[in-house]
Amino acid sequence: MNIIERKLFETQAMRIADPQKPFWYTSGKLGPYFINTHFLYGNETAACKLLDEITALTEDPKNLIKTISKEIWNFYQTNALYREVMDEFVSMLKTNKSFGLSDIVTGGERRDWFFSVAAARLTGKKHYFIFKDLSIYDEDANKTESLSGLKTAHIADLITEASSYDRAWIPATEAAGAKMIFTASIVDRNQGGRKLLQAKNVEMFAPVSIDQEFFHCAENEGILSEAQYKMVCDFTEDPDAYGIAFLKAHPNYIQESINSTDKSTRSKAQRCLDTNPYHLN
């Protein structure tokens with residue numbers, strides 16, 4: 001496993017469930033793991049603190065950019081874990097030809113900024129902040145209307161289906177007259193994002209790919225038990241078949257979850273009952 005893969009487990013950015021107690025996802029389906037890539041920002045506490053700051057300042061882009069740019073760089077200089085993650089990530093970026101050909105770095109609201117701000121500074125490229133309303137600000141907090149002719153490299157925390165690229169990051173880039181030629185995310189969940197980006201002629205790179213090989217390495221290093229490894233392999237092969245098989249083997253699990261003291265668990269289990277995403281009797 002590489003440094004970043006190990007740090008995902010060390011910071012609990014990657015959490016693997018007890019095989020008898022899988023996690024409920026927002027969709028009302030079951031899954032064996034959660035990934036909170038932004039926890040690589042030192043730890044969960046530091047990451048949540050920065051995310052709260054970003055959320056609180058979203059309506060004031062100029063103040064947000066000045067505040068978090070300074071804070072992230074100071075944190076990079078003082079937090080060994082985050083610095084180790086970013087140094088490893090940036091060393092990989094520097095060997096990529098398409099990244100080298102890019103003129104600027106962009107990052108999208110909100111979690112992309114945990115990594116894009118430092119990546120830009122460490123590679124000597126100017127950073128641009130893309131907001132969900134498709135507005136773009138430079139690193140000096142000036143709103144930017146034109147990036148005409150520039151090639152961009154977008155840095156993200158996580159790519160799943162790349163829906164945010166299709167909906168926001170690529171349209172915002174093109175509306176400003178630039179072209180996204182490359183993107184790098186810390187984690188690729190292998191859920192179709194790469195295919196969408198290829199169709200958009202955007203080269204994609206990720207140092208961590210959530211696939212069977214990733215989990216096999218974690219089992220070999222004693223991070224996962226044999227039962228956990230089997231669980232994630234079953235899920236990776238067919239998420240719906242995994243959920244159906246689990247609920248058939250544990251017919252009381254939905255009701256037990258609805259009776260949980262945890263509000264989020266109750267809500268997601270109730271969604272499963274209401275929407276029946278697995279089409280079970």
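Refer to the preceding data block for the structure.
Residues numbered from 1 in each chain as written. Predicted model: local features only at pLDDT ≥ 70, side-chain atom pairs only at ≥ 80, totals over all residues. Heavy atoms only, no water.

A. Region of interest: the overall build of the protein chain. A tally of helices and strands in the protein chain yields 13 helices and 12 strands. Here the protein chain has a C-alpha radius of gyration of 20 Å; the compact-globule value for 281 residues is 19 Å, and the two agree. Considered along the principal axes of its C-alpha atoms, the protein chain spans approximately 55 × 40 × 35 Å. Relative to its 281 residues, the protein chain shows a buried fraction of 51%. Nonlocal contacts in the protein chain, meaning residues at least 24 apart in sequence, comprise 62% of its contacts between residues at least 6 apart. Approximately 13,400 Å² of the protein chain is accessible, and the part contributed by carbon and sulfur atoms is 47%. Once the 32 positive and 38 negative side-chain charges of the protein chain are each reduced to a mean point, those two points are 4 Å apart. (Helix = DSSP H or I, 4+ residues; strand = E, 2+ residues; numbered from the N terminus. Rg over C-alpha atoms; globule rule 2.2 N^0.38 Å. Buried < 20%, exposed > 50% of the residue type's maximum accessible area, 1.4 Å probe, protein only. Contact = heavy atoms within 4.5 Å. Areas by Shrake-Rupley, 256 points an atom, 1.4 Å probe, with all protein chains shown as cover. Lys, Arg positive; Asp, Glu negative; His and termini not counted. Charge placed at Lys NZ, Arg CZ, Asp CG, Glu CD.)

B. Up close: helix H2 (residues 44-57). The terminal C-alpha atoms of H2, which comprises 14 residues, lie 20 Å apart, in line with the 20 Å expected from a rise of 1.5 Å per residue. What H2 keeps buried is the set Ala46, Ala47, Leu50, Leu51, Glu53, Ile54 and Leu57. Along H2, the residues classed as buried sweep out an arc of 155 degrees about the axis, all on the same side. Exposed residues lying more than 90 degrees from the buried face of H2 are Thr45, Asp52 and Ala56. Elements that come into contact with the buried residues of H2 comprise helix H3 (61-78) and helix H6 (113-123). The opening residue of H2, the one whose side-chain oxygen lies 3.1 Å from the backbone nitrogen of Thr45, is Asn43. (Expected span 1.5 Å × (residues − 1). Arc of directions from axis to C-beta. Polar contact = N/O pair within 3.5 Å; in protein donor to acceptor, adjacent residues only side chain to side chain.)

C. Focus on the packing of aromatic side chains. With the rule as written, the count across this model stands at 21 aromatic pairs. Here the aromatic rings of Phe235 and Tyr242 are separated by 5.7 Å at their centres, their planes lie at 90 degrees, and the arrangement is edge-to-face. One aromatic cluster is present, built from ring pairs that chain together Phe9, Phe23, Tyr25, Tyr33, Phe34, Phe214, Phe215, Phe235 and Tyr242. Geometry around Phe99 places Lys125 over its ring, the cationic atom sitting 5.1 Å from the centre. (Phe/Tyr/Trp six-rings, centres within 6.5 Å; stacked < 30°, edge-to-face > 60°. Lys NZ or Arg CZ within 6 Å of the ring centre and 35° of its normal.)

D. Structural view of helix H1 (residues 3-10). Turning to H1, its buried residues number three or more, namely Ile4, Glu5, Lys7, Leu8 and Phe9. Structurally, the start of H1 carries an N-cap: the backbone nitrogen of Ile4 is 3.0 Å from a side-chain oxygen of Asn2. Positive backbone phi, approximately 65 degrees, marks Gln12, located one or two places after H1.

E. Up close: the packing of H3 against H6. One way to put it is that H3 packs onto H6 with a least axis distance of 10 Å and a crossing angle of 70 degrees. Judged on the interaxial angle alone, H6 and H3 are roughly perpendicular. Of the residues in H6, those in contact with Leu64, Ile68, Ser69, Ile72, Trp73 and Tyr76 of H3 are Trp113, Val117, Ala118, Arg121 and Leu122. Grouping the amino acids of the contact of H3 with H6 by side-chain chemistry returns 9 nonpolar, 1 polar and 1 charged. (Axes fitted to C-alpha atoms, helices over the stretch in contact; angles between N-to-C directions. Parallel < 35°, antiparallel > 145°, perpendicular 65-115°, else oblique. Nonpolar A, V, L, I, M, F, W, Y, C, P; charged D, E, K, R; others polar.)

F. Examining unusual backbone geometry more closely. Cis rather than trans, the peptide bond between Glu109 and Arg110 has omega equal to 5 degrees. Looking at the secondary structure, you find Arg110 in the loop between strand S5 (104-108) and H6. Even without being glycine, Gln12 reaches a positive phi, approximately 65 degrees. We note that Ala162 has phi near 65 degrees; this positive angle belongs to a residue other than glycine. Mapped onto the elements, Ala162 comes out in the loop between strand S9 (151-159) and helix H7 (163-175).

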